[in-house]
Amino acid sequence: MYRFPRLPLLFLVVLLALSALACSISGGSPEEEGTAAATPDQAALVAQAVATITAQLPAATAPAIVSQGAPITTDLEADLIALYERVNPSVVHIFIYDEVDNLIGTGTGFLYDNEGHIVTNNHVVSGAARLEVAFPSGERRAAETVGTDVDSDLGVIRVADMPAGVQPLILGDSDNVRVGQFVVAIGNPFAEAGSLSLGIVSGLGRTLTSDRIAEGGGRYSLPQVIQTDAAINPGNSGGPLLNLAGEVVGVNSAISTSTGTNSGVGFSIPVNAVRRIIPALIADGAYQYTYMGVRMSALDLATQAALGLPQVTGAYVTDVTSDSPAAAAGLRPSGVTNLNELLPGGDLIIAADGRPIGNPDELISFLVFNTEVGQTITLTLIRDGQQLDVPLTLGQRP
């Protein structure tokens, strides 16, 4: 059944009350009109009428007024135009040449500071014999590689000077990124310079696997990677992923595809990794990760039951590298069968420095974003059904 909104009904009540009051006053006798004591207090009558009828109205089931602090719509088109005009001058087109000066590829980067440092991907510039950078103004500069990190796929190059008016981009905080928020990618897909694409954050907490093989096999991975459906294609690599405020929240790195082109699943290195790794690449040419020396596995319910563990969450230790920090701390691995099935007896890491660990990726994230080489951390384990704390001094990733 349709219900009248409260505010229009209240307005109607006031209008009727005023009309009735006017009629009663105009219909009085001359004697009453001339007697001040008989003149009604109009404001009091109106207030009384409104209060009486308002009290009889049913309670509202939804807010009648939208807060002015939360606008229903926004001019997204104007925001995107302004963002592009402000940010694009600092997004560069990188040309990569081999030893005989053949162009072998292109990529994207963005200005990091006023000293000419440009952030890009490791896979864009690694192994380049010569680099050339084109700014959106049309000006070009020679560039040199300053530092690269294969495990995060980040790299830094540098130009000696910049075009007038070009400013470093502002770094945001990837911890504040939320699934569903709008993001923008700017880059040079298929060498189409200065292309902008709009999308949303599709997922958080993804991982990117390193291109290098670790000692003893396996590969390291970078945690907290952002997944987006903003169009990312070959040539976008190294470009910024931005929020609508124009702040960098990620560095576009990879796409998941079977065709070599965008399929709606792109991955961006979180800007908080940029904050930690890029200064070290500028200062030292390399970044040193902390290292425990373990292999770990996540659990499912069937495996938890088979291993006799009290919980499914945690990082189950399957292997410990000899002469590693984990070996020195006495961590116990489970080992695996010939069919790669987990054996019982391994430590289940459930917390690090009091922070709950739900799976191996969360422990890797803790190590990458919260620890330094030489730091001693406390691991909380479940071993033989008992919970215990074990100190471990972190080494340097080989």
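Report follows, based on the coordinates. In this text, all values refer to a predicted model and were calculated from it rather than measured experimentally.

## Focus: unusual backbone geometry
Phase 1: One non-glycine residue, Gln224, adopts positive backbone phi at about 60°.
Phase 2: Summarising the element assignment, Gln224 is placed in strand E9 (residues 219-228).
Phase 3: Residue Gln224 is classed as partly exposed on the basis of its relative accessible area, which comes to 28%.
Phase 4: Even without being glycine, Asp323 reaches a positive phi, approximately 60°.

## So, the side chain of His117
Phase 1: Relative to the helices and strands, His117 is located in strand E3 (residues 117-121).
Phase 2: Apart from residues no more than four positions distant in its own chain, His117 is found in contact with Phe110, Leu111, Tyr112, Val146, Val156, Ile157, Arg158 and Ile282.

## Observations regarding the pattern of salt bridges
Phase 1: Following the criterion strictly, the structure yields 9 salt bridges and no others.
Phase 2: Note that Arg130 and Glu132 form a salt bridge whose closest N and O atoms lie 3.0 Å from each other.
Phase 3: A residue is classified by how much of its surface remains accessible, and Glu132, at 17% relative accessible area, is buried.
Phase 4: Here Arg383 and Asp347 are joined by a salt bridge, their closest N and O atoms 2.7 Å apart. You can see Arg383 sitting in strand E18 (residues 376-383) and its partner Asp347 sitting in the loop between helix H8 (325-329) and strand E16 (348-352), a full 36 residues away along the chain.
Phase 5: Arg383 sits in the buried class, given a relative accessible area of 14%.
Phase 6: Exposure remark for Asp347: the relative accessible area of 0% places this residue in the buried category.
Phase 7: Through salt bridges that share partners, Asp101, Arg130, Glu132 and Arg140 make up one connected network.

Calculation criteria
Residues numbered from 1 in each chain as written. Predicted model: local features only at pLDDT ≥ 70, side-chain atom pairs only at ≥ 80, totals over all residues. Heavy atoms only, no water. Helix = DSSP H or I, 4+ residues; strand = E, 2+ residues; numbered from the N terminus. Buried < 20%, exposed > 50% of the residue type's maximum accessible area, 1.4 Å probe, protein only. Contact = heavy atoms within 4.5 Å. Salt bridge = Lys/Arg side-chain N within 4 Å of Asp/Glu carboxyl O.

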